[in-house]
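# Observations on the three-dimensional arrangement
Residue-level listing of the chains:
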Amino acid sequence: MSKYHFNDIEAKWQKHWAEKGTFHASNNSDLPKYYVLDMFPYPSGAGLHVGHPLGYIASDVYSRYKRHKGFNVLHPQGYDSFGLPAEQYAIQTGQHPAQTTQVNIEGGVDNQGNRIAGYRNQLDKIGFSFDWSREVRTSNPEYYKWTQWIFTELFNAWYNFDTDTSEKIETLITLFSSEGNTKVNAACDEGMETFTANDWIGFSSEKQQEILLGYRLTYLAETEVNWCPELGTVLANDEIVNGVSERGGYAVIRKKMKQWSMRISAFAERLLQDLDTVDWSESIKETQRNWIGKSVGATVEFQVKDHDAKIPVFTTRPDTIFGVSFMTLAPEHELVAKLTTAAQKEAVESYVHATAKRSERERMADVKTISGVFTGAFAEHPFTKEPIQIWIGDYVLAGYGTGAVMAVPCGDQRDYDFAKHFGLPIPNVFEGVDISEEAFTDKENTVIANSDFLNGLKYKKAVKLAIYELEKIGAGEGKTNYRLRDAVFSRQRYWGEPFPVYYKNGMPQMIDVAHLPLELPKIEKYLPTETGEPPLGRADVWAWDTEKCSVVSNELVDGKTVFSLELNTMPGWAGSSWYFFRYMEKEHRSEVFASKEAMDYWQNVDLYIGGSEHGTGHLLYSRFWVKFLYDLQHVPVKEPFQKMINQGMILGESAFVYRVEGQNKFVSKGKKDGYTIQPIHADVSMVNTSNELDVEAFKNWRVEFKDAEFVTEEDGTFKVSREVEKMSKSKYNVVNPDDICDQYGADTLRMYEMFLGPLEQAKPWNTAGISGVHSFLKKMWRLFHGGPDDTFFVSDDAATKDNLKTLHKTIKKVEEDIENFSFNTSVSTFMIAVNELTSQKCNSREILESLVVLISPYAPHIAEELWSLLGHEQSISAVAFPKFEAKHLVESSKEYPISFNGKMRFKLELSLDMTKEEIEAAVMAHEKTIQQLDGRTPKKVIVVPGKIINIVG
RNA sequence: GCUGAAGUGGUGGAAUUGGUAGACACGUUGGACUUAAAAUCCAAUGUCCAUUAGGACGUACGGGUUCAAGUCCCGUCUUCAGUACCA
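Keep in mind it's a predicted model, so treat the numbers as computed, not measured.

With that out of the way, let us pick up the overall build of chain A. On a plain count of helices and strands, chain A comes out with 29 helices and 36 strands. Seen through its principal axes, chain A has C-alpha atoms that stretch 100 × 85 × 70 Å. Within chain A, buried positions represent 52% of all 953 residues. Roughly 43200 Å² of accessible area belongs to chain A as shown, and the carbon and sulfur atoms make up 48% of that amount. Placing the 104 positive and 133 negative side-chain charges of chain A at their respective mean positions leaves the two points 3 Å apart.

In structure tokens, the structure reads:
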């Protein structure tokens with residue numbers, strides 16, 4: 001073989017790696033461990049486009065590099081295989097989602113006759129060093145058994161704020177029976193009643209269960225949820241974008257439903273603090289901080305006049321307490337109905353009704369409009385005892401803080417606007433500040449005035465004293481508030497994990513791990529039932545027999561030993577919140593979710609690569625579960641992902657043809673002037689690298705284009721215009737990696753994706769540019785094929801000085817680049833190395849062997865092939881990375897740039913042994929210097945040995 | 001509005017600590033080889049002026065620090081991403 005037959009080479013080595021299990025990681029190795037993880041994909045029927053593998057290629061380069069560096073590398077892959085598309089496909093076609101999912105992963109033909117390549121086949125073509133023996137699919141019962149188990153563990157736990165850990169529910173029960181709940185500092189539902197030990201012992205079992213539910217880390221509660229009627233399910237906050245569903249863009253309304261929730265809010269402070277312990281980008285940490293939304297301030301209680309009620313509010317500005325001139329409640333606030341006077345009743349009710357009717361989106365759309373109604377009631381200022389009007393207004397959100405605010409118009413712009421609009425007083429509590437135009441919100445320059453004991457104090461001191469005084473009179477206390485809400489965990493869907501829950505007398509009961517997994521039942525249709533129950537409501541065999549410990553027919557439900565099972569399923573993020581532990585275990589997967597030995601060895605993910613779009617969902621939920629599992633000593637780590645890199649999106653270059661408005665006529669890009677045109681997408685596969693459209697193919701693309709007229713350029717070609725957009729099927733700009741592999745090879749694809757630009761940056765894909773990388777690989781191949789008739793040839797002669805210099809500068813640069821995830825620049829470095837070695841006519845074994853190892857993380861197939869041609873029998877994958885030796889880069893002279901006033905004018909080769917004075921003398925004596933100076937005497941000469949010479953004057 | 005990131009040739013991008021701006025590629029132009037094509041190779045390619053020698057300008061814009069600024073400082077603009085009546 002003398003030509004570079006990449007297709008043969010790549011198929012050969014991919015087969016070899018699979019057969020030999022080359023990349024299977026060992027769970028007991030003396031080598032240091034390194035765990036590299038990709039965010040696992042949802043296997044959609046559309047298959048991979050060239051944007052998807054970018055992160056996988058980067059992580060694969062790093063994994064292979066780490067193996068060369070002597071690490072035992074775990075680099076697994078799997079599928080986040082529960083999800084909406086498979087279910088919607090099931091609704092349309094009746095095909096079971098499990099079947100669709102399998103075809104999408106393994107390839108085949110779906111029941112609509114579409115040929116599906118299959119994720120696994122597509123991934124295999126790219127030559128990843130994944131350890132497939134540890135594959136995970138979240139929809140496999142063997143896997144979701146443990147997702148269900150974690151759910152039951154959360155159910156059987158509570159959060160103790162005194163020790164700041166999750167504890168077993170038994171410890172809480174013990175506390176309740178010995179001292180009631182008055183001293184317990186736990187995360188619990190709002191408005192939890194207080195009781196003594198005697199009360200507790202006297203409660204019925206149902207009552208006790210109900211109370212415990214208010215403390216459990218996953219709990220059932222009537223909550224106001226984001227209901228999406230089109231999708232027929234509730235959505236979590238992070239599944240809603242701009243007030244509509246992230247998937248499909250459907251309207252979302254507020255609705256009260258009984259739902260499972262996760263008490264993630266208990267972990268808010270730890271989720272925030274531990275961000276400092278991980279090596280993530282500042283922007284993604286910031287996204288998480290915003291989402292957690294910590295704010296420090298105080299709660300203040302306002303006594304309502306003539307009522308036995310207090311209204312608690314949260315404020316970050318207790319220092320402005322004397323600036324309160326009214327209060328505003330959210331229209332949904334529970335006290336509204338009670339407080340409203342008869343005179344205001346009608347106005348208040350119509351306002352409440354009107355806001356309830358508006359969707360989230362409408363409410364967001366006009367934040368500018370100020371609206372509100374006076375309730376007629378008054379509260380009392382805690383210090384001055386002055387009466388304060390109580391209003392309602394939709395600028396106050398029911399879901400944040402206490403759903404009520406103390407309005408300080410002089411210090412808050414929204415309160416200010418509200419006061420101006422309704423003619424309410426605006427007292428000024430700031431010294432020397434003009435508030436006739438707008439509120440004064442700056443904290444730094446605050447000096448408090450007109451505020452009794454706070455007068456003359458600056459912000460920080462005033463806050464402290466205000467809280468102290470509030471606590472003294474029992475009207476408030478210091479308090480930290482978080483924006484992070486508990487996460488709704490129920491979905492009214494079929495294709496998700498069933499809850500391991502049955503109901504006895506209306507109270508939820510967990511199924512013991514010994515009887516898990518609780519597998520999804522078979523149903524005929526994947527739609528909600530006619531009575532509005534979730535799809536599982538259609539199952540006939542969906543009841544739990546507590547004696548047989550198995551699922552039985554619904555007909556057997558008797559309320560004594562056989563009970564109804566939960567009809568909701570878990571959300572998409574359940575399975576992805578712990579999958580990184582599952583990969584660690586390969587031996588006893590049905591017995592444990594991951595063994596202690598495996599977890600002690602692998603610890604956490606050293607490098608996690610994936611998109612930044614999971615900043616608030618997946619990354620927050622998995623951190624929460626890991627902290628919980630850590631508290632119960634199920635896992636040895638507090639954080640799942642030590643270092644994270646977020647790869648940028650690869651964008652597509654869409655092709656547009658211009659259609660003349662109202663006619664079946666298209667004009668080429670250069671001819672469009674004078675026409676009223678409308679751009680439409682053409683499939684990029686019909687356009688060549690010079691932007692010429694294959695007109696015949698275009699005519700055949702759509703029936704309506706068959707007889708279209710085409711106005712071409714002078715040379716007869718028809719040109720499209722290009723625009724960079726997100727890669728998507730609907731924009732006809734998708735490039736399939738399979739095609740690139742067939743045409744140029746996986747090694748070319750891998751190197752080109754790395755060469756495109758910095759990993760974390762968004763960048764457009766341009767197939768035309770791939771030829772540069774491809775010719776580079778061919779050129780490298782030729783370096784090893786300098787024998788007669790281009791046969792393989794390397795010599796055992798000693799390497800020249802130049803050869804060694806090229807090699808070692810390459811080792812140094814490539815090593816630094818990989819460590820810094822600067823993969824694009826190392827591809828350039830390889831090109832420079834091969835260009836140099838080619839012109840040096842290098843065929844030295846010593847040099848070429850090292851070169852092959854250097855490049856093998858990037859282009860593993862060609863590296864394996866050349867390695868075996870060099871006479872090695874073992875795979876190159878574990879060969880030691882070449883060692884950099886600085887001695888080969890030592891220079892005796894330097895070509896100095898000579899600048900005049902900072903501008904480089906000429907270069908001069910000088911010995912590096914020379915002193916500053918000698919250099920200066922040599923430069924000043926040079927004829928070009930004399931010519932440049934033109935008789936002037938320089939004011940100053942800067943000599944930086946080894947760097948530069950600058951002559952000033 | 002707030003937060004974060006970024007603005008460099010026709011294009012993707014490089015310049016890791018202030019020290020030769022535009023590495024490495026794509027594209028374009030010209031040439032070699034070939035009956036031809038493909039493949040390969042060679043040369044040119046920031047803009048402007050100049051026949052050459054050479055010169056002026058040049059890293060979003062305006063200032064500043066420095067012998068020297070894409071890089072540091074101040075101000076402005078633009079783009080992208082996240083988030084938003086958060087009290």
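Attention now moves to a nonpolar patch on the surface. Taken together, the side chains of Ile-942, Val-944 and Ile-948 present a nonpolar region at the surface, about 200 Å² in accessible area. Here Ile-942 shows up in strand E35 (residues 940-944). With relative accessibility at 35%, the residue Ile-942 sits in the partly exposed group.

Bringing the sheet that holds strand E25 (residues 605-610) into the picture now. Taken in spatial order, the four strands of this open sheet run E2-E1-E25-E26, and their pairing is parallel. Every other strand in the sheet has two partners, leaving strand E2 (72-74) and strand E26 (641-646) as the edge strands with one partner each. Averaged over all neighbouring strand pairs, the angle between strand axes comes to 20°, with direction disregarded. Of the strands in this sheet, strand E1 (33-38), E2 and E25 touch helix H2 (residues 53-68), which is tilted by about 170° from E1. Contacts from helix H19 (residues 618-631) reach E25 and E26, with the element oriented near 175° to E26.

Another point: the protein's contact with RNA strand B. What surrounds RNA strand B is a group of 52 residues, the closest being Thr-316, Tyr-400, Arg-414, Leu-756 and Lys-813. Near the protein, meaning within 4 Å, the atoms of RNA strand B are sugar or phosphate in a fraction of 62%, with bases accounting for the rest. Measuring from a base oxygen of RNA strand B, one finds a side-chain N or O atom of Lys-813 at 2.6 Å. Contacts to RNA strand B include Lys-907, whose side-chain N or O atom sits 3.0 Å from a base oxygen. Looking at the surface near RNA strand B, the elements with two or more residues in it are helix H11 (282-292), strand E13 (310-315), helix H23 (770-783), helix H24 (801-819), helix H25 (823-839), strand E34 (903-911), E35 and strand E36 (948-952).

Time to look at the nonpolar core. One finds Phe-489, Tyr-579, Phe-581 and Trp-625 to be the most contacted residues of the largest nonpolar core, which totals 93 residues. Discounting residues that sit within four places of it in the chain, Phe-489 has contacts with Phe-151, Trp-260, Ser-261, Met-262, Phe-499, Thr-569, Met-570, Pro-571, Trp-573, Ala-574 and Trp-625. Counting residues in hydrophobic clusters, the runner-up holds 81 residues, among them Tyr-62, Val-735, Ile-811 and Ile-818.

Glancing now at the pattern of salt bridges. Taken as a whole and judged by the stated rule, the model has 41 salt bridges. A salt bridge links Asp-606 to Lys-33; its shortest N-O distance comes to 2.8 Å. Residue Asp-606 is located in strand E25, and its partner Lys-33 is located in strand E1; the two are separated by 573 residues in the primary sequence. Classification of Asp-606 by relative accessible area gives buried; the value is 17%. When the shortest N-O distance is used, the salt bridge between Arg-137 and Glu-135 registers 2.7 Å. Here Arg-137 and Glu-135 have matching classes, each one buried. Through salt bridges with shared partners, a single ionic network connects Asp-274, Arg-623, Lys-627 and Glu-639.

Taken in spatial order, the four strands make up an open sheet running E34-E33-E36-E35, and their pairing is mixed. Looking at the sheet topology across the chains shown, the edges are occupied by E34 and E35. The average angle at which neighbouring strand axes cross in this sheet is 20°, direction not considered. The pairing of strand E33 (residues 893-900) with E34 spans eight bridges and is classified as antiparallel. Paired with Ser-899 across the strands is Met-904, a residue of E34. Seen against the sheet, helix H28 (residues 916-925) touches E33, E34, E35 and E36 and runs at an angle of roughly 125° to E35.

Another aspect to go through is the environment of Ile-811. Looking at the element boundaries, Ile-811 is found in helix H24. For the pair Ile-811 and Phe-881, spaced 70 residues apart in sequence, the C-alpha separation works out to 8.8 Å. Contact partners of Ile-811, with chain neighbours within four places excluded, come to Leu-854, Pro-882, Lys-883 and Phe-884.

Bringing the environment of Trp-701 into the picture now. With respect to the element layout, Trp-701 can be found in helix H20 (residues 695-701). Taking relative accessible area as the criterion, Trp-701 reaches 23% and is therefore assigned partly exposed. Along the sequence, Trp-701 and Leu-457 sit 244 residues apart, while their C-alpha atoms lie 75 Å from each other. If sequence neighbours within four positions are ignored, Trp-701 has contacts with His-681, Ala-682, Asp-683, Met-686 and Tyr-732.

Looking now at the side chain of Glu-864. Here Glu-864 is to be found in helix H27 (residues 860-869). Although Glu-864 is buried, it forms no salt bridge, and the closest oppositely charged side chain is Arg-64 at an N-O distance of 5.5 Å. For Glu-864, the side chain forms a polar contact with the side chain of Trp-17, separated by 2.8 Å. Aside from chain neighbours lying at most four places away, what touches Glu-864 is Trp-13, Trp-17, Ser-875, Ile-876 and Ser-877.

Spanning 17 residues, H25 covers 25 Å between terminal C-alpha atoms, matching the ideal 24 Å at 1.5 Å per step. Within H25, burial applies to Phe-823, Asn-824, Ser-826, Val-827, Thr-829, Phe-830, Met-831, Ala-833, Val-834 and Leu-837. Where H25 is buried, its residues contact H2, helix H22 (746-755), H23, H24 and helix H26 (845-855). Directly beyond the C-terminal end of H25, a positive phi value near 55° is found at Lys-841.

Looking now at the packing of aromatic side chains. Per the counting criterion, the structure on display carries 74 aromatic pairs. For the ring pair Phe-418 and Phe-422, a centre distance of 4.8 Å and an interplane angle of 55° mean the geometry is tilted. Pair noted here: Phe-418 and Phe-422 are both in helix H15 (residues 413-422), with a separation of four residues, about one helical turn. What makes Phe-418 buried here is its relative accessible area of 1%. According to the relative accessible area criterion, Phe-422 is partly exposed, its value standing at 26%. Their ring planes at 55° and their centres at 5.0 Å tell us that Phe-580 and Phe-581 sit as a pair that is tilted. Like Phe-580, the residue Phe-581 is buried in the burial classification. Linked through ring pairs, Phe-40, Tyr-143, Trp-146, Trp-149, Trp-578, Tyr-579, Phe-580, Phe-581, Tyr-583, Phe-593, Tyr-608 and Phe-641 together constitute an aromatic cluster. Directly above the aromatic system of Tyr-34 lies the positively charged group of Lys-66, at a separation of 4.6 Å from the ring centroid. In this structure, Arg-263 is placed above the aromatic ring of Tyr-219, and the distance from its NZ or CZ to the ring centre is 3.9 Å.

What counts and what doesn't
- Here the residue numbers are simple positions, counted from 1 along each chain's written sequence.
- Here the convention is simple: chains get letters from A, ligands get numbers from 1, in the order in which they are written.
- Only residues with pLDDT of 70 or above have their local features reported here, since the model is predicted, and side-chain atom pairs are shown and tallied only from 80 upward, although totals for entire chains, interfaces and linings are computed over all residues.
- Working from all heavy atoms in the structure, the side-chain values ignore hydrogens and water.
- A run of H or I in DSSP becomes a helix once it reaches four residues, and a run of E becomes a strand once it reaches two; helices and strands are each numbered from the N terminus.
- Throughout this description, buried means an accessible area under 20% of the type-specific maximum (1.4 Å probe, protein chains only), exposed means over 50%, and partly exposed covers the range between.
- The Shrake-Rupley method, run with a 1.4 Å probe, gives the accessible areas here. Residue values count only the displayed protein chains as cover.
- Neither His nor the chain ends contribute to the count of charged residues, in which Lys and Arg are positive and Asp and Glu negative.
- For charged residues, the charge sits on one atom: NZ in Lys, CZ in Arg, CG in Asp, CD in Glu.
- Each patch groups residues whose relative accessible area exceeds 30% and which form no salt bridge, using 9 Å between like charges and 5 Å between nonpolar side chains of Val, Leu, Ile, Met, Phe, Trp and Tyr.
- The term salt bridge refers to a side-chain nitrogen of Lys or Arg lying within 4 Å of a carboxyl oxygen of Asp or Glu.
- Paired strands, as defined in this entry, are two strands with at least two bridges between them according to DSSP.
- Lines fitted to C-alpha atoms define the axes here, with helix axes fitted over just the stretch in contact, and angles between the N-to-C directions of these axes take values from 0 to 180 degrees.
- Here, residues are in contact when the closest pair of their heavy atoms is within 4.5 Å.
- Working definition: residue near molecule or strand if any one of its non-hydrogen atoms lies within 4 Å of it.
- By the criterion applied in these results, polar contacts are pairs of N or O atoms within 3.5 Å in which, for protein atoms, one can donate a hydrogen and the other can accept it, and in which residues neighboring in sequence qualify only through two side-chain atoms.
- For the purposes of this section, nonpolar cores are sets of buried Ala, Val, Leu, Ile, Met, Phe, Trp, Tyr and Cys residues that join through side-chain atoms within 4.5 Å.
- One fewer than the residue count of a helix, multiplied by 1.5 Å, yields its expected span.
- For Phe, Tyr and Trp, where Trp contributes only its six-membered ring, two rings pair if their centres lie within 6.5 Å, and the inter-plane angle classes them as stacked under 30 degrees, edge-to-face over 60, or tilted in between.
- Charge-over-ring placement is defined geometrically: NZ (Lys) or CZ (Arg) within 6 Å of the ring centre, and within 35 degrees of the ring normal.

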